[in-house]
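Architecture at a glance
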Amino acid sequence: MLDKLERLPADSILGLAAIAKADANPNKVDLTVGVYMNEDGVCPVFKAVKMAQAALQQEEVSKSYLPPAGVDAFNDGMQQLLFGAGHPALRDGRVSSVQAPGGCGALRIGAEIIFAAAPTAKVWVSDPTWPVHLPLLGSVGLEFETYRYYEPVSHGVNFDGMVEDLKRAQTGDVVLLHGCCHNPCGADLSLEQWGVVADMAEAQGFVPFVDIAYQGLGDGLEEDAAGLRLLAERVPEMIIAASCSKNMGLYRERTGAVMFVCQNRANAEALVSQALVAARRVYSMPPAHGALIAGRILSDQALDEIWRTELMDMCGRMNGLRTGLREKLEAASSRDFAFIEKEKGMFSFLGLSTKQAIRLREEYSVYMLDSSRINVAGVNARNIDYLAQSVASVL
Ligand code: LMR
């Protein structure tokens, strides 16, 4: 039976990261997977995380299972972080959440819930979107429609195209939106544009599903959640998948949450029971370590402040790298790279062809995705000149 199964191609992101890792060229530049790297090319552990971890280690008395919904301090802290204290949806008890194994686990539970509620619902995804959205949501049985999003000439959002396409979304369809720091293109909606999406959701009855994996890496924790908060004030129902992989650097700890904004408190509670049944059939209960750390940080004022400062520094460094990269690329190529500075978060499309991206990989050991998506955080003072020269030479 098993011998019928063939070897599959490696994942388009993780497979390339493995090839980059194995490259022995001392000048190699790895801009593949979306992981924050510091100036030394290391993905660091946040100081606040180390402190929370040390305290937890002292206190730990058991490795028994977590309750199925996860760590209370984490779920409460994440709601406050996403919605902001005093948000009307929180105040009215319309929000519920369940801890999940990373943003991926949250997306998967969200998909299970959608399928349970409306198996024929279409999920509208942006063109382009993070490639893993499709298997994560699609393997539940949901089908997709695509809406226009990125406009390669301006390197911005084709909002007119997006609106025109979403006019076809039906009542009960789901529209998947990137909460901030769009992956892969870095082009985000303005608050005014979020307002238009809210108008459309209200008028047409589609349900927004917001994937927010990069809160705090664009303009700041509050600013990056502004679109999501606006939607949650306006629409009767919404699903959210949140992650602490990037903003707390808890990647391998698989720390995420799925949230439901419902029409009333009873419905929000019902959704928890639905999510727990879905989780039980997929992975039973969530992992503890990351959520205990995150819950501790979010519920301890001193740790929370340390974490926020570290995150702000990280975000500031990435924005500085965007400026630096723009300047170096423009100097090396005499072309306009101003768009890099306007985008948000970790990613940018450099606007190269697949052929050029492959040439960079093969001839210069400069690794980016075939789409020319780069992880801006992989740039540093040591590799920025080599990167700019290499890109200029394939243009
Ligand atoms: C990425 O897009 O590189 C990250 O979100 C990591 C992943 O799992 O693909």
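Source: prediction; values computed, not measured.

In terms of helices and strands, the protein carries 16 helices and 13 strands. Compactness check: the protein gives a C-alpha radius of gyration of 21 Å against a globular reference of 21 Å for 395 residues, within 12% of the reference. Expressed along its principal axes, the backbone C-alpha trace of the protein runs to roughly 60 × 55 × 55 Å. Scored against the burial criterion, the 395 residues of the protein give a buried share of 54%.

Looking at the element boundaries, Ser96 is found in strand S2 (residues 95-101). Here the side chain of Ser96 touches Ala268 through a polar contact of 2.7 Å, landing on its backbone oxygen. Excluding its chain neighbours within four sequence positions, the residues that come into contact with Ser96 are Gln79, Val258, Met259, Phe260, Ala268, Leu271 and Val272.

Per the domain assignment, the segments making up the protein are domain 1 (2-45 + 312-394) and domain 2 (65-299). The straight-line distance from the C-alpha centre of domain 1 to that of domain 2 is 27 Å. If you look at the interface, domain 1 gives 21 residues, while domain 2 gives 20 residues. Roughly 1600 Å² of surface becomes buried between domain 1 and domain 2 when both sides are summed, with 62% attributable to carbon and sulfur atoms. The largest contributions to the domain 1 side of the interface with domain 2 come from Lys344, Phe347 and Phe349, which together make up 36% of the buried area. Run the count over domain 1 and domain 2 and you get one salt bridge. Between Lys344 and Asp219 there is a salt bridge, with the nearest N and O atoms lying 3.0 Å from each other.

Here we come to the nonpolar core. Grouped together as the largest cluster of nonpolar side chains are 74 residues, with contacts concentrated most on Phe83, Ile240 and Trp307. Each of two domains, domain 1 (2-45 + 312-394) and domain 2 (65-299), supplies a minimum of three residues to this core. Setting aside residues no more than four positions away along its own chain, Phe83 makes contact with Leu90, Val95, Leu228, Arg229, Ala232, Ile240, Met259 and Val261. Counting residues in hydrophobic clusters, the runner-up holds 36 residues, among them Ala20, Val207, Phe260 and Leu271.

The strand order S2-S10-S9-S8-S7-S3-S4 describes an open sheet built from seven strands, whose pairing is mixed. Strands at the two margins of the open sheet, each flanked by one partner only, are S2 and strand S4 (143-148). Looking at each pair of strands side by side, their axes are set apart by 25° on average, direction ignored. In this structure, strand S9 (residues 238-243) lies alongside strand S10 (residues 255-261), joined through six bridges in antiparallel fashion. Across the sheet, the residue bridging to Met238 is Val261, located in S10.

So, about the site of the ligand. Residues in close proximity to the ligand include Ile13, Val33, Gly34, Trp130, Asn183, Tyr214, Lys246 and Arg373, which together make up its full environment. For the ligand, an oxygen atom lies 3.2 Å from a polar atom in the side chain of Lys246. Within the side chain of Arg373, one N or O atom sits 2.8 Å away from an oxygen atom of the ligand. Within the complex, 83% of the 270 Å² of free accessible area of the ligand lies under protein. Looking at the shell around the ligand, its residues break down into four nonpolar, two polar and two charged. Two domains share the shell around the ligand, each providing at least three of its residues, namely domain 1 (2-45 + 312-394) and domain 2 (65-299).

This structure, assessed with the given rule, holds four aromatic pairs. With centroids separated by 6.4 Å and ring planes inclined at 75°, the aromatic side chains of Tyr147 and Tyr149 adopt a geometry described as edge-to-face. With respect to burial, Tyr147 and Tyr149 carry one shared label: buried. For the ring pair Tyr214 and Phe347, a centre distance of 5.7 Å and an interplane angle of 75° mean the geometry is edge-to-face. Taken together, the residues Tyr214 in the loop between strand S8 (207-212) and helix H9 (221-224) and Phe347 in strand S11 (residues 347-349) connect sequence positions 133 residues apart. Using a relative accessible area of 7% as the deciding quantity, one classes Tyr214 as buried. Take Phe347: its relative accessible area is 1%, and that puts it in the buried class.

Here is what the cut-offs are and how they apply
Residues numbered from 1 in each chain as written. Predicted model: local features only at pLDDT ≥ 70, side-chain atom pairs only at ≥ 80, totals over all residues. Heavy atoms only, no water. Helix = DSSP H or I, 4+ residues; strand = E, 2+ residues; numbered from the N terminus. Rg over C-alpha atoms; globule rule 2.2 N^0.38 Å. Buried < 20%, exposed > 50% of the residue type's maximum accessible area, 1.4 Å probe, protein only. Polar contact = N/O pair within 3.5 Å; in protein donor to acceptor, adjacent residues only side chain to side chain. Contact = heavy atoms within 4.5 Å. Domains from an automatic or database assignment. Buried area = accessible area lost by both parts, 1.4 Å probe. Salt bridge = Lys/Arg side-chain N within 4 Å of Asp/Glu carboxyl O. Core = buried A, V, L, I, M, F, W, Y, C linked by side-chain atoms within 4.5 Å. Pairing = 2+ DSSP bridges. Axes fitted to C-alpha atoms, helices over the stretch in contact; angles between N-to-C directions. Near = heavy atom within 4 Å. Areas by Shrake-Rupley, 256 points an atom, 1.4 Å probe, with all protein chains shown as cover. Nonpolar A, V, L, I, M, F, W, Y, C, P; charged D, E, K, R; others polar. Phe/Tyr/Trp six-rings, centres within 6.5 Å; stacked < 30°, edge-to-face > 60°.

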